Amino acid sequence: MNHTKGGLVIFTANSHPSSRELGKRIAERLGVELGKVQVYQEANRETRVQIQESVRGKDVFVIQTMSKDVNTTIMEMLIMVYACRTSCAKSITGVLPYFPYSKQCKMRKRGSIVSKLVASMMCKAGLTHLITMDLHQKEIQGFFNIPVDNLRASPFLLQYIQEEIPDYRNAVIVAKSPASAKRAQSFAERLRLGIAVIHGEAQDAESDQVDGRHSPPTVKTTGAIHPSMEIPLLIPKEKPPITVVGDVGGRIAIIVDDIIDDVDSFVAAAETLKERGAYKIFVMATHGLLSSDAPRFIEESAIDEVVVTNTIPHELQKLQCPKIKTVDISMILSEAIRRIHNGESMSYLFRNIGVDD
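Below you will find a few notes about this structure. What you see is a predicted model; the values in this text were computed from it and never measured.

Conventions and cut-offs
In this numbering scheme, every chain counts its residues from 1 along its sequence in written order. Only residues with pLDDT of at least 70 are given local features in this predicted model, and only at 80 or more are side-chain atom pairs given and counted; all residues enter the totals for whole chains, interfaces and linings. The side-chain figures draw on all heavy atoms in the structure; neither hydrogens nor water molecules are used. Helix and strand assignments follow DSSP, with helices taken as H or I runs no shorter than four residues and strands as E runs no shorter than two, numbered in order from the N terminus. Relative accessibility decides the category of a residue: with a 1.4 Å probe and only protein chains considered, values under 20% of the type maximum give buried, values over 50% give exposed, and everything between is partly exposed. It only takes one pair of heavy atoms within 4.5 Å for two residues to be counted as in contact. The method behind every accessible area is Shrake-Rupley, applied with a 1.4 Å probe, and residues are considered shielded solely by the protein chains displayed. Angles here are taken between N-to-C directions and fall from 0 to 180 degrees, while the axes themselves are lines fitted to C-alpha atoms, restricted in helices to the stretch in contact. The labels follow the angle: roughly parallel below 35 degrees, roughly antiparallel above 145, roughly perpendicular from 65 to 115, and oblique for the rest. When the near helix sits turned anticlockwise from the far one by under a right angle, the crossing is termed left-handed; a clockwise turn instead gives a right-handed crossing. Under this grouping Gly is polar, as are all residues other than the nonpolar Ala, Val, Leu, Ile, Met, Phe, Trp, Tyr, Cys and Pro and the charged Asp, Glu, Lys and Arg. Here, any two strands with at least 2 DSSP bridges between them count as paired. For the handedness criterion, the strands are oriented away from the viewer, and a crossover whose path from the first strand over the helix to the second runs clockwise is classed as right-handed. Polar contacts here mean pairs of N or O atoms no more than 3.5 Å apart (in protein, one a potential hydrogen donor and the other a potential acceptor; neighbouring residues in sequence count only if both atoms are side-chain atoms). Put simply, two rings from Phe, Tyr or Trp (the six-membered ring, in Trp's case) pair if the centres are within 6.5 Å, and we call them stacked under 30 degrees between planes, edge-to-face over 60, tilted for the rest. For a lysine, the NZ atom is tested; for an arginine, the CZ atom; a charge sits over a ring if that atom is within 6 Å of the ring centre and within 35 degrees of the ring normal.

So, the overall build of the protein
When its secondary structure is counted, the protein shows 9 helices and 14 strands. Buried positions account for 48% of the 357 residues belonging to the protein. The contacts of the protein with a sequence gap of at least 6 include a subset with a gap of at least 24, amounting to 69%. Carbon and sulfur atoms make up 52% of the accessible area of the protein, which totals about 18,300 Å².

So, in structure tokens, the structure goes:
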């Protein structure tokens, strides 16, 4: 049954077969067929997109999930959006459940804010609206000059905890670093559970130590300032030994985060929790990138189960590691598409969501 008004076209921009699965689920929920489009790589590795039906005067939604070749998927998205724009589409909404380069949203010494560049390219290509999910930093929305709807996967993960973990009342929500404490607090308050925070782990790439503001001159210079003035140097940080703030003994530990990619920090956190007496360990994350040897490390670790959503295809990783479970979020994406196309309010999808969620 079609749940939308006329004039809706849904394309899936990814040339990889496994990445089109999410688009099929969304189209099925909306009661429409996926639009006809051909996306492929030529012999010289250039991306070619051929739209095979009229989009003139229609609302076009381009669904794009990230594959291992992230740069190719970005180009597929940009070329398809531009093709729809030059074909006189009424509006073009990008549906990117995982926004690429979202971890590069801060200045790193003499690097660049790459997520701002990607946002600018998408707007320039002709995007008029963006639907995404659990941005690594919510401030990324400010990189766009178009409306951005940053949906949340937490209701689906909370539902999984309540339905699939029989004794979840004996659980504690764990933040593997102080930076994840707000997310853990949000989960704990909704489930009426306690919270624990791991502090003192090895420094990671998200630390402010590598922020562009931490770059003092290597030698003391007085030519540009008054000789009597000396700029005080900031005392360098020294992390304490690993400690767990909160009681996890005899409890189920549920580690929550937004992205699970390099699993070293999760494996180390699981070992620490096991040493502190946790008898079962779950990891919950929205985006399961699970790069490189992540499935093998998870299989060999103290982690009992890793739960991620299908914002990113990871069927191969699930074959390599049966501990990986998937939560389907196509329902909320299809409802967002339906509401935008029909001109309805999006506030229902953000009910009970606070600033820190």
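Observations regarding the packing of helix 1 (residues 21–30) against helix 9 (residues 330–342)
Close contact between helix 1 and helix 9 brings their axes to 9 Å; oriented N to C, the two are set at 60 degrees. In terms of orientation, helix 1 and helix 9 fall into the oblique class. As for how helix 1 packs across helix 9, the hand of that crossing is right-handed. Residues Leu22, Arg25, Ile26, Arg29 and Leu30 of helix 1 touch helix 9, and the partners they reach there are Ser330, Met331, Leu333, Ser334, Ile337 and Arg338. Taken together, the residues of the contact of helix 1 with helix 9 break down into 6 nonpolar, 2 polar and 3 charged.

A few points about the pairing of strand 11 (residues 252–260)
Burial within strand 11 is extensive, with 9 of its 9 residues counted as buried. Where strand 11 and strand 12 (residues 280–288) come together, 8 bridges link them in parallel fashion. Bridge pairing in strand 12 links isoleucine 259 to histidine 287. Running through helix 6 (residues 264–275), the crossover from strand 11 to the neighbouring parallel element strand 12 is right-handed.

Some details on the side chain of threonine 309
Note on placement: threonine 309 falls in strand 13 (residues 305–309). Classification of threonine 309 as buried rests on a relative accessible area of 0%. A polar contact is formed between the side chain of threonine 309 and the backbone oxygen of threonine 286, at a distance of 2.5 Å. Dropping the residues within four chain positions of it, threonine 309 is found in contact with Ala153, Leu157, Ala285, Thr286, His314, Thr326, Val327 and Ile329.

Regarding helix 5 (residues 181–191)
Ala184, Ser186, Phe187, Ala188 and Leu191 are the residues of helix 5 that are buried. Against the buried residues of helix 5 lie helix 4 (154–164), strand 8 (171–175), strand 9 (194–199) and strand 11. Arginine 192 sits one or two residues past helix 5 and shows a positive phi near 60 degrees.

Considerations on the environment of proline 147
On the secondary structure map, proline 147 appears in the loop between strand 6 (129–133) and strand 7 (148–151). Through-space distance from the C-alpha of proline 147 to that of histidine 129 is 5.2 Å; in sequence the pair is 18 residues apart. Excluding its chain neighbours within four sequence positions, the residues that come into contact with proline 147 are Thr128, His129 and Leu130.

Regarding the environment of valine 148
Mapped onto the fold, valine 148 is located in strand 7. Of the residues examined, valine 148 reaches a relative accessible area of 14% and is grouped as buried. Valine 148 sits 19 residues away from histidine 129 along the chain, and the two C-alpha atoms are 6.1 Å apart. Dropping the residues within four chain positions of it, valine 148 is found in contact with Leu130, Thr132 and Gln141.

Thoughts on the sheet that holds strand 1 (residues 8–12)
Taken in spatial order, the 5 strands make up an open sheet running 1-4-5-6-7, and their pairing is parallel. For this open sheet the edge positions go to strand 1 and strand 7, each flanked by a neighbour on one side alone. Between one strand axis and the next, the sheet turns by 15 degrees as a mean value, whatever way the strands run. Pairing of strand 1 with strand 4 (residues 59–63) involves 5 bridges; the strand directions are parallel. Across the sheet, the residue bridging to phenylalanine 11 is valine 62, located in strand 4. On top of the sheet, helix 9 reaches strand 1, strand 4, strand 5 (91–96), strand 6 and strand 7; it is set at about 160 degrees to strand 6, its chief contact.

Quick notes on the sheet that holds strand 10 (residues 243–245)
Strand order across the open sheet formed by 7 strands is 10-9-8-11-12-13-14, with mixed pairing between neighbours. Strand pairing shows two members of the sheet lacking a second neighbour, strand 10 and strand 14 (324–327), which therefore form its edges. Across the sheet, the axes of successive neighbouring strands diverge by a mean angle of 25 degrees, strand direction being ignored. Along the sheet, helix 5 contacts strand 8, strand 9, strand 11 and strand 12; its crossing angle with strand 8, the most-contacted strand, is approximately 160 degrees. Most of the contacts of helix 6 go to strand 11, to which it runs at about 170 degrees, and overall it touches strand 8, strand 9, strand 10, strand 11 and strand 12.

Concerning unusual backbone geometry
In this structure, tyrosine 101 is a non-glycine residue whose phi angle is positive, near 60 degrees. Positive phi is not limited to glycine here, since aspartate 134 has a value of about 45 degrees. Along the chain, aspartate 134 turns up in the loop between strand 6 and strand 7. On the basis of relative accessible area, aspartate 134 is assigned to the buried category, the value being 7%.

Focus on the packing of aromatic side chains
For the coordinates displayed, the defined rule picks out 1 aromatic pair. With a centroid separation of 5.5 Å and an interplanar angle of 70 degrees, the aromatic rings of phenylalanine 99 and phenylalanine 144 are classed as edge-to-face. Pair noted here: phenylalanine 99 is in the loop between strand 5 and helix 3 (114–125) and phenylalanine 144 is in the loop between strand 6 and strand 7, with a separation of 45 residues, a long-range link. Exposure remark for phenylalanine 99: the relative accessible area of 1% places this residue in the buried category. Residue classification places phenylalanine 144 among the buried positions, given a relative accessible area of 9%. In this structure, arginine 351 is placed above the aromatic ring of tyrosine 348, and the distance from its NZ or CZ to the ring centre is 4.0 Å.

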